[in-house]
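Descriptive structure summary
In case you want the letters, here they are:
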Amino acid sequence: MTDDDRGAMARLLDRAARVIPGGVLGFHKLMSPELFPAFAAHARGATVEDLEGRRYVDYILGKGPVILGHGHPAVHEAVVRQLEAGNMLGLSVATQVEVAEVLLTWFPRAEQVRFHKTGSDACSAAVRLARVATGKQWILSSGYHGWHDWCSSGERGVPADSTYAEDFHYDLDRLEQLLARHAGDAAAVFVEPQPSYLEPAFYRELWAIARAHGCLVICDEVKTGLRVVGGSMQRQLGLDADLTVLSKALANGFCLSCVLGRAEHMELSERTHISTTYDVEAIPYAAAAATLGELARPGTLERLDDAGQRLIAALDGLFAALDIPARAFGPGAMFRLGFAEPAREQWFYSRMAHEGVLLYPHDNHFLSTAHGGAAFELTVAAAERVLAASRAEHPPALRHADVAGRTIAQFPSRKGFLQHVRSPRGR
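Residues numbered from 1 in each chain as written. Predicted model: local features only at pLDDT ≥ 70, side-chain atom pairs only at ≥ 80, totals over all residues. Heavy atoms only, no water.

1. Comments concerning the packing of aromatic side chains
The geometry of an aromatic ring pair comes down to the distance between the two centres and the angle between the two planes. A complete count under the given rule lists 11 aromatic pairs for this structure. An angle of 45 degrees between the planes, with centres 5.2 Å apart, marks the rings of phenylalanine 339 and phenylalanine 348 as tilted. Per residue, the accessibility class of phenylalanine 339 equals that of phenylalanine 348, and both read buried. Aromatic ring contacts, followed pair by pair, group Phe319, Phe339, Phe348 and Tyr349 into a single cluster. Across the ring face of phenylalanine 411, the terminal group of arginine 406 is positioned such that the distance to the ring centre comes to 5.4 Å. (Phe/Tyr/Trp six-rings, centres within 6.5 Å; stacked < 30°, edge-to-face > 60°. Buried < 20%, exposed > 50% of the residue type's maximum accessible area, 1.4 Å probe, protein only. Lys NZ or Arg CZ within 6 Å of the ring centre and 35° of its normal.)

What follows is the structure, encoded as structure tokens:
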């Protein structure tokens, strides 16, 4: 085989392996040993096209941010207008204020917003604000809050005694034990909502425990914020965090995040160093203003959730009809799949990519408002072919009935921090 016979992506992978650690960035390493597809060329709506012209229905959506679909006209037009006016102007722009004002209508108990670039940035900023506000240092957390040192205890390159954070693994008994261990020096309880895994009672009890110990509650709604019905898990649960972190759905794929909270906490950002050169980059605010305008249209999030629930029902129907030990779970806008057999799950994600459907392995699969009937029909038809082939080649050891009553937490998980999920009080 000559170099020309190998294809554009294979040749580019060779080049990437020489100059980029790991060769490529992103989800690819989880999906297929072939890293297929490795490079995108173009995306529009609910589809993405690779360098060799293959098209895919996209449920990865940049790991979640592209809630309106790729190249949404309103966002595109707003970004082009701002690009013509300038991006790094060195000063704040009016759209920054406008976006903050709109966000506070989604989170009415919050009073101020501080913008950042990524979810990791904003989570780290929230931790610093909580420590300044309380004069305490320990953070008790559960969920994924980014890659910064404070939440990466045990990782290579992170000094063991520098994080002052411990994971309670979504176990409320363990949370109370840790709060007792750090009595008088616990600044905040930081949690990422996992609506597929935990019932509402868990969060209500968590809030009560944190308040009883004098801790702030920080809610990491990087994934759920502006995506679930009502705009946040907090609104659904009737709860309010002291600080809330948003990012993924905020600007339809442009780099922007924020922390929201009461003024007494947010104003403390002026008493510590939280900054980056790109805080004033104008284009993300233009994208966010357009995105929020679209999301605020009556029924948008409800229709998105309903579409996801219909897809979940169709996939569940396939699992049952083909007697595959697997289930699909909501909420609809960021659904998950649970497979009882990890090898079948890995094969499923890889083969779905070959069928023209990109799913995010072992994690949430995201929907955009651009996903419609044709995308769902292609997805369900591809899933039927893949699951039927899987069953024919490797008959399942379990039946669908064996997993019919399982929750997502009772399936094998490749997400390490969810392997310990417990219901309230460890039940």
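Structure's up, so let's keep going.
2. Quick look at the sheet that holds strand 10 (residues 257-261)
Taken together, the seven strands give an open sheet; going across it, the order is 4-10-9-8-7-5-6, and neighbouring strands pair in mixed fashion. This sheet does not close on itself; its edge strands, each paired only once, are strand 4 (112-116) and strand 6 (165-167). Averaged over neighbouring strand pairs, the angle between their axes works out to 20 degrees when direction is ignored. Bridge count between strand 9 (residues 243-246) and strand 10: four bridges; the pairing is antiparallel. Looking at strand 10, one finds that leucine 246 is bridged to cysteine 258. (Pairing = 2+ DSSP bridges. Helix = DSSP H or I, 4+ residues; strand = E, 2+ residues; numbered from the N terminus. Axes fitted to C-alpha atoms, helices over the stretch in contact; angles between N-to-C directions.)

3. A few points about the side chain of serine 247
Residue placement: serine 247 occurs in the loop between strand 9 and strand 10. According to the relative accessible area criterion, serine 247 is buried, its value standing at 12%. One polar contact links the side chain of serine 247 to the main-chain carbonyl oxygen of leucine 256, over a distance of 3.2 Å. (Polar contact = N/O pair within 3.5 Å; in protein donor to acceptor, adjacent residues only side chain to side chain.)

4. A word on the pattern of salt bridges
In total, this model carries 16 salt bridges according to the counting rule given. The shortest N-O distance in the salt bridge between arginine 54 and aspartate 50 comes to 3.1 Å. Assessed through its relative accessible area of 32%, arginine 54 is described here as partly exposed. In this structure, arginine 109 engages aspartate 240 in a salt bridge whose closest nitrogen and oxygen atoms are separated by 3.2 Å. One end of the pair, arginine 109, is in the loop between helix 4 (94-106) and strand 4; the other, aspartate 240, is in the loop between helix 8 (233-237) and strand 9, and 131 residues separate them in sequence. The class of arginine 109 is exposed, set by a relative accessible area of 60%. Aspartate 240 sits in the partly exposed class, given a relative accessible area of 31%. Overlapping salt bridges bring together Arg211, Asp242, Arg262 and Glu264 as one network. (Salt bridge = Lys/Arg side-chain N within 4 Å of Asp/Glu carboxyl O.)

5. Observations regarding the side chain of threonine 379
Tracing the sequence through the fold places threonine 379 in helix 13 (residues 373-393). Residue classification places threonine 379 among the buried positions, given a relative accessible area of 3%. Within the structure, threonine 379 has its side chain in polar contact with the side chain of tyrosine 59 (distance 2.6 Å). For threonine 379, the contacting residues outside a window of four places in its chain are Val57, Tyr59, Leu311, Met352 and Val357. (Contact = heavy atoms within 4.5 Å.)

6. A closer look at empty space enclosed by the protein
If you walk through the whole model with that rule in mind, you get two cavities of 30 Å³ or more. Around the second largest cavity, the lining residues are Pro193, Tyr203, Trp207, Cys219, Glu221, Met233, Gln234 and Leu237. Among the elements of the structure, helix 7 (200-212) and helix 8 are those that each provide at least two residues to the lining of the second largest cavity. The element best represented in the lining of the second largest cavity is helix 8, accounting for three residues. A breakdown of the residues in the lining of the second largest cavity according to their chemical character gives six nonpolar, one polar and one charged. (1 Å grid on protein atoms, 1.4 Å probe; cavity = no way out; pocket = protein on both sides within 12 Å on 5 of 7 lines; lining within 4 Å. Points joined across faces, edges and corners; volume = space filled by probe spheres on them. Nonpolar A, V, L, I, M, F, W, Y, C, P; charged D, E, K, R; others polar.)

7. Overview of the packing of helix 12 (residues 342-354) against helix 13
Put simply, helix 12 and helix 13 touch, their axes get as near as 10 Å, and they point 135 degrees apart. The orientation of helix 12 relative to helix 13 falls into the category oblique. For the pair helix 12 and helix 13, the crossing hand works out as right-handed. Together, Arg344, Trp347, Phe348, Arg351 and Met352 of helix 12 and Thr379, Ala382, Ala383, Val386, Leu387, Ala389, Ser390, Arg391 and Glu393 of helix 13 make up the contact between the two elements. Looking at side-chain class alone, the contact of helix 12 with helix 13 contains eight nonpolar, two polar and four charged residues. (Parallel < 35°, antiparallel > 145°, perpendicular 65-115°, else oblique. Left-handed = near helix turned anticlockwise from the far one by under 90°.)

By themselves, these are just geometric observations and shouldn't be taken as functional.
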